[in-house]
Amino acid sequence: MQFLDAILITFFGLTGHPLLDYYLGTFLLALLTVLVGEFTISLVFRVNRSHLEKLNSRYQDLSQLSAEALKRGDKENYKACNKEGNEAFGQLFFNKFGLSAASLWPIFFALAWMQERFSEIGLPLPWLGWEINYFFFFLLCYILARIFFGRIKRKLPYFKGIHQSLLTYEKKM
């Protein structure tokens with residue numbers, strides 16, 4: 001953990017101005033968590049792609065069988081196919097939800113590190129007289145970092161390839 005601490009703390013000493021270093025360091029830490037989270041999603045997607053394709057194919061097949069049974073007026077088969085289709089959709093939905101959640105794990109480590117370093121510091125909000133802590137400011141920076149990364153990721157070599165892979169997957173499905 002000390003090795004990681006030595007790397008992360010460098011984000012907070014880039015300019016020599018304490019407040020600016022805190023703002024910039026927090027944003028860079030948030031950007032790092034976005035990068036690690038997006039990389040995690042890409043790895044999980046690559047590992048689970050065939051499983052997701054099977055689930056999606058099963059869902060589409062059952063949806064089609066359900067629609068055909070409804071056209072024929074076969075309520076018993078319609079209900080059976082629809083029930084199985086709903087189960088397949090649920091599995092697909094929660095697999096995709098889990099895939100999305102894979103991007104969040106670095107946030108908890110970043111916040112734990114920040115708590116060790118900055119739990120005693122309050123930042124004044126201009127014109128309001130309120131103070132915010134590291135948690136609130138990190139979340140603001142995380143949102144900004146996610147927006148920033150969303151705009152540049154298609155230009156980064158690794159993530160450009162992942163984006164193309166996801167587009168191909170979506171078109172296929």
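Criteria and thresholds
- Along each chain, residues carry numbers from 1 onward, in the same order as the chain's sequence is written.
- For this predicted model, a pLDDT threshold of at least 70 governs which residues receive local features, and a threshold of 80 or more governs which side-chain atom pairs are given and counted, while totals over whole chains, interfaces and linings are taken from all residues.
- In computing side-chain values, all of the structure's heavy atoms are included and hydrogens and water are not.
- What counts as a helix is a DSSP run of H or I of at least four residues, what counts as a strand is a run of E of at least two, and both are numbered from the N terminus.
- Here the globule rule is a power law, 2.2 Å times the number of residues to the power 0.38, and the radius of gyration is based on C-alpha atoms.
- We call a residue buried when its accessible area falls under 20% of the maximum for its residue type, exposed when it is over 50%, and partly exposed in between, using a 1.4 Å probe and counting protein chains only.
- Two residues qualify as a contact provided that any one of their heavy atoms is within 4.5 Å of a heavy atom in the partner residue.
- When charges are counted, neither His nor the chain ends are considered; positive counts come from Lys and Arg and negative counts from Asp and Glu.
- Where a charge lies is defined by one atom per residue type, namely NZ (Lys), CZ (Arg), CG (Asp) and CD (Glu).
- Note on terminology: a nonpolar core comprises buried Ala, Val, Leu, Ile, Met, Phe, Trp, Tyr and Cys residues joined through side-chain atoms within 4.5 Å.
- Definition used for salt bridges: Asp or Glu carboxyl oxygen within 4 Å of a side-chain nitrogen of Lys or Arg.
- Residues are called lining when one of their atoms sits within 4 Å of a cavity or pocket point, these points coming from a 1 Å grid over the protein atoms alone, where a cavity is a set in which a 1.4 Å probe fits but cannot get out and a pocket is an open set with protein on both sides within 12 Å along at least five of seven lines.
- Grid points are joined across faces, edges and corners, and a volume is the space filled by probe spheres set on the points.
- Following the grouping adopted for this structure description, the nonpolar residues are Ala, Val, Leu, Ile, Met, Phe, Trp, Tyr, Cys and Pro, the charged ones are Asp, Glu, Lys and Arg, and the polar ones are all others, Gly among them.
- For helices, the fitted axis covers only the stretch in contact; all axes are lines through C-alpha atoms, and the angles between them, taken along N-to-C directions, range from 0 to 180 degrees.
- Orientation labels follow simple angle bins: below 35 degrees gives roughly parallel, above 145 gives roughly antiparallel, 65 to 115 gives roughly perpendicular, and whatever is left gives oblique.
- Left-handed describes a crossing in which the near helix is turned anticlockwise from the far one by less than a right angle; the clockwise case is right-handed.

Visitor: Can you help me understand the overall build of the protein chain in this one?
Guide: On a plain count of helices and strands, the protein chain comes out with six helices and two strands. For the protein chain, the sequential pattern of α-helices and β-strands runs α-α-α-α-β-β-α-α. The globule rule puts the C-alpha radius of gyration for 173 residues at 16 Å, and the 23 Å found for the protein chain is more than 25% above it. Judged by the C-alpha coordinates and their principal axes, the protein chain covers about 75 × 35 × 30 Å. When the 173 residues of the protein chain are sorted by exposure, 31% land in the buried category. In the protein chain, the proportion of contacts linking residues at least 24 apart, taken out of those at least 6 apart, comes to 68%. Averaging the positions of the 19 positive and the 14 negative side-chain charges in the protein chain gives two centres separated by 10 Å.

Visitor: How should I be thinking about the nonpolar core in this particular structure?
Guide: Nonpolar side chains tend toward joint burial in soluble globular proteins. Formed by 24 residues in total, the largest nonpolar core has its most connected members in Phe12, Tyr22, Leu29, Trp113, Met114, Phe118 and Phe138. Elements with a minimum of two residues in this core: helix 2 (18–72), helix 4 (105–118) and helix 5 (134–152). When residues in this core are grouped by element, the largest group, seven residues, is from helix 5. Among all residues touching Met114, those that are not within four sequence positions of it are Tyr22, Thr26, Leu29, Ser119, Tyr134 and Phe138.

Visitor: Explanation requested: the pattern of salt bridges in the structure shown.
Guide: Think of it this way: side chains of opposite charge can pair up when their charged atoms draw near. Taken as a whole and assessed by the stated rule, the structure comprises six salt bridges. A salt bridge links Asp5 to Arg117; its shortest N-O distance comes to 2.5 Å. Residue Asp5 is found in helix 1 (residues 2–8), and its partner Arg117 is found in helix 4; the two are separated by 112 residues along the sequence. Here Arg117 falls in the partly exposed class, since its relative accessible area comes to 39%.

Visitor: How do you make sense of the layout of surface pockets when you look at a structure like this?
Guide: In this approach a probe as big as a water molecule rolls over the atoms, and the regions it shows empty are the leftover space. Of the voids in this model, the largest pocket is the one considered here, and its volume is about 210 Å³. Lining the largest pocket we find Met1, Leu4, Leu8, Leu29, Leu32, Thr33, Val36, Trp105, Pro106, Phe109, Ala110 and Trp113. Of the residues forming the lining of the largest pocket, the biggest block, five residues, is contributed by helix 4. Here the lining of the largest pocket is composed, by residue class, of 11 nonpolar, one polar and no charged.

Visitor: Before we go on, may I ask you to explain the packing of helix 4 against helix 5 in this structure?
Guide: When two helices pack together, their arrangement is captured by the angle between the axes and the distance separating the axes. It is at 10 Å that the axes of helix 4 and helix 5 come closest, and there the two elements cross at 140 degrees. Relative to helix 5, the element helix 4 lies oblique. In this structure, helix 4 crosses over helix 5, and the sense of that crossing is right-handed. When helix 4 is examined against helix 5, the residues Ile107, Ala110, Leu111, Met114, Gln115 and Phe118 are found in contact with a partner set consisting of Tyr134, Phe135, Phe138 and Tyr142. Partitioning the contact of helix 4 with helix 5 into residue classes produces nine nonpolar, one polar and no charged.

Visitor: Sorry, what's going on with the packing of helix 2 against helix 4 here?
Guide: Where helix 2 contacts helix 4, the two axes come as close as 8 Å, and the packing angle between them is 155 degrees. Between helix 2 and helix 4, the angle falls in the class roughly antiparallel. Once helix 2 is placed against helix 4, the crossing between them reads as right-handed. Here Tyr22, Thr26, Leu29, Thr33, Val36, Gly37 and Thr40 of helix 2 lie close against helix 4, whose contacting residues are Trp105, Pro106, Ile107, Ala110, Trp113, Met114 and Phe118. Residues that form the contact of helix 2 with helix 4 fall into these classes: 10 nonpolar, four polar and no charged.

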